[in-house]
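Observations on chain architecture
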Amino acid sequence: SETVDNVGTGIITGINNAAVVNPINLMSIVLLSTPKQAMDEGALAKQLDFYLDFLRKVPYTELVVVPDVSGADVIAYCERMEVLTRQKHPLGDVIRLTDDKALLMSYYRNNIIHLFALVSLVACLVQNNRRIKRQTLTKQISQLYVFFKSELFIHWQDEDIPAVVERSLALLVEHGYLIANEKEVWAPDSRSTEFMHLSILANTTKQSLERFFIAVEILVKAGSGKLQRAQLENACTMLAQRMSLLHEFSGPEFSDKALFRNFIQ
């Protein structure tokens, strides 16, 4: 069984190394990270431009296919494919996913989510702390990486993480989504458009972090030695299902027992 697991992990990691980025999965990863799966058209184009710039300047592997398009091109393509609706407004058109497509789009998002996992984690940790030392940021990401690597089949080794974090930070600073000096990193003003863009990027990994927290919180509240593994998995799944019903949109994988089982393992 161990050999089968290793071969399976190798195959899926290899598939992820050769991911094909297209307008549909790019649109999915952005709009599914917004509370109502909707954005102002100009802001959406800018967010997509950042994702495309990241893929080109911080490449995941040489095999990843990145389309030669702009954010505006992505919006136009998705409109032609009828996965978007446009709501006219005097202050700027609002672009949203059609209601019947939102759940389906989570499949396309998951095909490329691994490409943005670390840069999203950088955004999430800085947004949450507002100001953080570079050394602390890298250390926390390195500690969390083992779980993301296992869940998303990411190819980087532990020793690669500091360099990837630094390259991601540099691009975030270049776009104005973060501010940094030699020792610290901090988020822009919470009222700024840059903070809004940072928040959307952070939401890409937020659901995974929430799942991790659910498992740890249930275990802490129950106390050491009180729960069997199956009981912990069931408790995590039920709480995640309830959170999905009560709060903002989340895909079916949010309450997937297999993901909780993998995290606990």
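Preceding this section is the structure that the text describes.
The paragraphs below set out a description of the structure included in this document. (Residues numbered from 1 in each chain as written. Predicted model: local features only at pLDDT ≥ 70, side-chain atom pairs only at ≥ 80, totals over all residues. Heavy atoms only, no water.)

Observations regarding the pairing of strand β3 (residues 94-97)
Consecutive residues of a regular strand have side chains that alternate between opposite faces of the sheet. Burial along β3 is one-sided: I95 and L97 are buried, and none of V94 and R96, which face the opposite way, are. Inspection of the sheet shows strand β1 (residues 38-40) paired to β3 by three bridges, in the antiparallel sense. Bridge pairing links D40 to V94 in β3. Bridge count for strand β2 (residues 84-87) against β3 is four bridges, and the pairing is antiparallel. Along β3, the bridge assignment pairs L84 with L97. If you look at the hairpin formed by β2 and β3, you'll find six residues sitting between the two strands, and G92 has a positive phi there, around 130°. (Buried < 20%, exposed > 50% of the residue type's maximum accessible area, 1.4 Å probe, protein only. Helix = DSSP H or I, 4+ residues; strand = E, 2+ residues; numbered from the N terminus. Pairing = 2+ DSSP bridges.)

Points about the packing of helix α7 (residues 134-152) against helix α8 (residues 161-174)
Taken N-terminus to C-terminus, the directions of α7 and α8 make an angle of 125°; their axes are 10 Å apart at the nearest point. Relative to α8, the element α7 lies oblique. Crossing hand, α7 versus α8: right-handed. Touching R134, L137, T138, I141, S142 and Y145 of α7 are I161, P162, V165, E166 and L169, all from α8. Grouping the constituent residues of the contact of α7 with α8 by class yields seven nonpolar, two polar and two charged. (Axes fitted to C-alpha atoms, helices over the stretch in contact; angles between N-to-C directions. Parallel < 35°, antiparallel > 145°, perpendicular 65-115°, else oblique. Left-handed = near helix turned anticlockwise from the far one by under 90°. Contact = heavy atoms within 4.5 Å. Nonpolar A, V, L, I, M, F, W, Y, C, P; charged D, E, K, R; others polar.)

A few points about the packing of aromatic side chains
Scanning all chains against the criterion turns up 11 aromatic pairs. Here the aromatic rings of F54 and F116 are separated by 5.9 Å at their centres, their planes lie at 35°, and the arrangement is tilted. In this pair, F54 is assigned in helix α3 (residues 41-57) and F116 in the loop between α5 (102-110) and α6 (117-129), connecting sequence segments 62 residues apart. When its relative accessible area of 1% is taken as the criterion, F116 is described as buried. Measuring from ring centre to ring centre gives 5.5 Å for F147 and F212, while their planes differ by 50°; the resulting arrangement is tilted. Note that F147 is positioned in helix α7 and F212 in helix α9 (residues 193-222), a separation of 65 residues in sequence. Looking at F147, the relative accessible area reads 29%, which means it is partly exposed. (Phe/Tyr/Trp six-rings, centres within 6.5 Å; stacked < 30°, edge-to-face > 60°.)

With respect to the sheet that holds strand β4 (residues 131-133)
Adjacent strands of a sheet form backbone hydrogen bonds with each other and so pair up, either parallel or antiparallel. Spatial ordering of the open sheet is given by β4-β6-β5, a layout of three strands whose pairing is antiparallel. Every other strand in the sheet has two partners, leaving β4 and β5 (179-180) as the edge strands with one partner each. The strands touched by α6 are β4 and β6 (184-186); relative to β4, the strand with the most contacts, the crossing angle is about 120°.

Looking at the pattern of salt bridges
For the structure shown, the criterion picks out 12 salt bridges. One salt bridge in this structure joins E166 and R134, with 2.8 Å as the shortest N-O distance. Of this pair, E166 sits in helix α8 while R134 sits in helix α7, and the two are 32 residues apart along the sequence. Among the charged side chains, a salt-bridge network with shared partners connects E41, E79, R86, K88 and D93. (Salt bridge = Lys/Arg side-chain N within 4 Å of Asp/Glu carboxyl O.)

A short note on the sheet that holds β3
Spatially, three strands are ordered β1-β3-β2 in an open sheet, and the strand pairing comes out antiparallel. Each having just a single partner strand, β1 and β2 make up the two edges of the open sheet. Along the sheet, successive strands turn relative to each other by an average axial angle of 25°, direction set aside.

Side note on the nonpolar core
If you look at the biggest cluster of nonpolar residues, it comprises 79 residues, and the most contacted ones within it are L26 and F116. When neighbours within four sequence positions are excluded, L26 is seen to be in contact with V21, L48, Y51, L52, L55, V74, I112 and F116. (Core = buried A, V, L, I, M, F, W, Y, C linked by side-chain atoms within 4.5 Å.)

What to know about the packing of α3 against α8
Look at α3 against α8: their axes get within 11 Å of each other, and the N-to-C directions meet at 145°. You can see that α3 and α8 cross each other, and the crossing is right-handed. Together, F50, D53, F54 and K57 of α3 and R167, S168, L171, L172 and E174 of α8 make up the contact between the two elements. Here the residues of the contact of α3 with α8 sort into four nonpolar, one polar and four charged.

A short note on the side chain of T34
Note that T34 resides in the loop between α2 (23-31) and β1. Note on T34: relative accessible area 4%, which makes it buried. In this view, T34 contacts M39 and I200; residues no more than four positions away in its chain are not counted.

Quick look at α5
Buried within α5 are the following residues: A102, M105, S106 and R109. On an axial view of α5, the arc spanned by its buried residues comes to 115°, and they lie on one face. More than 90 degrees from the buried face of α5, the exposed residues found are L103 and Y107. Check the buried side of α5 and you find it contacts α2 and β3. (Arc of directions from axis to C-beta.)

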